[in-house]
Structures are given as structure tokens and as C-alpha cells.
Amino acid sequence: ALTLAATMFASSASAFDPDDLQKLKDTDSCTQCDLSGAYLSGANLTDVDLTRARMRGAELTDADLSGANLRGANLYGANLSRANLRYANLEGANLMFANLSGANLRYANLEGANLPSASLENADLSGANLEGVDLKYANMNGAILCNTIMPDGSVIYSGC
């Protein structure tokens, strides 16, 4: 069952659709829905289907998105610090300016994702697929890159 944080609203000015948030709570699926600006910090979103969801500026600090399908999702400027994205599918997702510092991205599929100016500081990218990812100006200080497939298809074995 989906467990949300005590409050689900970032502010009264948030742009998300409350019906979409209810759909996510009821079905663990919300493809192409609008959760922009939603407050989901600490939420249990394990294995949810958020394919092509609009989550621009969403607050997902400490959220559990392990195994979630976020293929093609728009997470521009979202806060995913310390989020668990282990085995998540982020193929083609827009993570420009997203905060993924300290996030668990072990074995995540980020193939073709857009990450310019994202923060991946101290993120664990062990076994992750970054093939074709745009990392221009991304902060990767302290990131763990053990058996990580890099944008050019090479594999990094440092930090193992």
C-alpha cells in the first residue's frame, strides 16, 4: 500500500492534479499524470508506475521509489535527495536541475536520461546504466561508480 507523508501538498500554489494524486494512492499507478510540485517526501512508492508523469519540482526527499517505472517522466528540478531509486527505470527521464544527492541509484536504468546541472553528489550509481545520458555540468562529487555503464558505453570499475 502506498504510504504518503503526513502532508501531501508543497503549497496551495502547487500545480499537481489532486485527482492524479488520489489515483496514485489508490492504484500504485499514474501514467502521464500531473504530480508537479507534489510533496511526497518519505513516501513509499515502491514499484509504482509513473511512466511519463509530470513531476516537475516534486519533493521526494527520502522517498522509496525502488523498482518504480519513471520512464520518460519529467522530474525537472525535483528534490530526490536520499531517495531510494534502486532498480528504478528512469530511461529517457528529464532530471535537469534535479537534486539526487545521496540517492541510491544502484542498478537503475537511466539510459538516455537528461541530467544537465543535476546534483549526483554522494549518490550510489553502482551497476547503473548511464548510456547516452547527458551529464553536462552535473555534480558527481563523491558519487560511487562501481560497475557503472557510462554515457559512452564504457564501464567504470573504480570505487568497487
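Residues numbered from 1 in each chain as written. Predicted model: local features only at pLDDT ≥ 70, side-chain atom pairs only at ≥ 80, totals over all residues. Heavy atoms only, no water.

This paragraph deals with the overall build of the protein chain. Each helix and strand in the protein chain was counted, giving one helix and two strands. Listing every helix and strand of the protein chain by position from the N terminus yields α-β-β. Taking 160 residues into account, the globule formula puts the C-alpha radius of gyration at 15 Å, and the protein chain, at 15 Å, falls close to it. For the protein chain, the spread of C-alpha atoms along the three principal axes comes to 45 × 25 × 25 Å. Across the 160 residues of the protein chain, 45% fall into the buried class. Looking at the protein chain alone, contacts between residues at least 24 apart form 6% of all its contacts between residues at least 6 apart. (Helix = DSSP H or I, 4+ residues; strand = E, 2+ residues; numbered from the N terminus. Rg over C-alpha atoms; globule rule 2.2 N^0.38 Å. Buried < 20%, exposed > 50% of the residue type's maximum accessible area, 1.4 Å probe, protein only. Contact = heavy atoms within 4.5 Å.)

Let us now look at the nonpolar core. Nonpolar side chains in soluble globular proteins tend to be buried together. Ranked by size, the top nonpolar core spans 50 residues in total, and within it Leu50 and Leu110 carry the most contacts. When sequence neighbours within four positions are dropped, the list of residues in contact with Leu110 reads Leu90, Glu91, Leu95, Leu105, Leu115, Leu125, Ala128, Asn129, Leu130 and Val133. (Core = buried A, V, L, I, M, F, W, Y, C linked by side-chain atoms within 4.5 Å.)

Looking at the secondary structure, you find Asp124 in the loop between α1 (18-27) and β1 (148-149). Here Ser126 takes part through its side chain, which lies 2.6 Å from a polar atom of the side chain of Asp124. Ignoring any residue separated from it by four or fewer positions in sequence, one finds Asp124 in contact with Ala103, Asn104, Leu105, Arg106 and Ile144. (Polar contact = N/O pair within 3.5 Å; in protein donor to acceptor, adjacent residues only side chain to side chain.)

A separate point is the side chain of Thr148. Secondary-structure assignment places Thr148 in strand β1. With relative accessibility at 0%, the residue Thr148 sits in the buried group. If sequence neighbours within four positions are ignored, Thr148 has contacts with Leu125, Ser126, Gly127, Ala128, Leu130, Ser154, Val155 and Ile156.

In a structure, side chains of opposite charge can pair up when their charged atoms sit close to one another. Scanning the model with the defined rule gives three salt bridges in all. Glu91 serves as the salt-bridge partner of Arg71, at 3.5 Å between the closest nitrogen and oxygen. Residue Arg71 is located in the loop between α1 and β1, and its partner Glu91 is located in the loop between α1 and β1; the two are separated by 20 residues in the primary sequence. Owing to a relative accessible area of 26%, Glu91 belongs among the partly exposed residues under this scheme. (Salt bridge = Lys/Arg side-chain N within 4 Å of Asp/Glu carboxyl O.)

Quick look at the packing of aromatic side chains now. Tallied over the entire structure, the rule returns two aromatic pairs. Taking 5.1 Å as the distance between ring centres and 15° as the angle between the ring planes, the aromatic pair formed by Tyr87 and Tyr107 counts as stacked. Here Tyr87 is found in the loop between α1 and β1, whereas its partner Tyr107 is found in the loop between α1 and β1, with 20 residues between them in sequence. Above the face of the Tyr76 ring, Arg56 is positioned so that its terminal group lies 3.9 Å from the ring centre. (Phe/Tyr/Trp six-rings, centres within 6.5 Å; stacked < 30°, edge-to-face > 60°. Lys NZ or Arg CZ within 6 Å of the ring centre and 35° of its normal.)

Each α-helix turn comprises 3.6 residues. Residues three or four places apart therefore point the same way. Burial in α1 covers these residues: Asp20, Leu21 and Leu24. Looking straight down α1, one finds that the buried residues subtend no more than 100° of arc, so they occupy a single side. For α1, the exposed residues set more than 90 degrees away from the buried face come down to Pro18, Asp19 and Asp26. Regarding α1, its N-cap is Asp17, as a side-chain oxygen of that residue lies 2.8 Å from the backbone nitrogen of Asp19 further along. Where α1 ends, the next residue or the one after it, Asp28, has phi of about 60°, a positive value. (Arc of directions from axis to C-beta.)

Although it is not a glycine, Phe97 sits at a positive phi angle of roughly 65°. Counting through the fold element by element, Phe97 comes out in the loop between α1 and β1. Even without being glycine, Tyr137 reaches a positive phi, approximately 65°. Assignment of secondary structure puts Tyr137 in the loop between α1 and β1. Residue classification places Tyr137 among the exposed residues on the basis of a relative accessible area of 67%.

Of the residues in the protein chain, 90% reach a pLDDT of 70 or more, and the chain-wide mean stands at 91. Across residues 1-13, where pLDDT falls below 50, the model places 25 contacts with residues more than four positions away in sequence or in other chains. (pLDDT = per-residue confidence, 0-100.)

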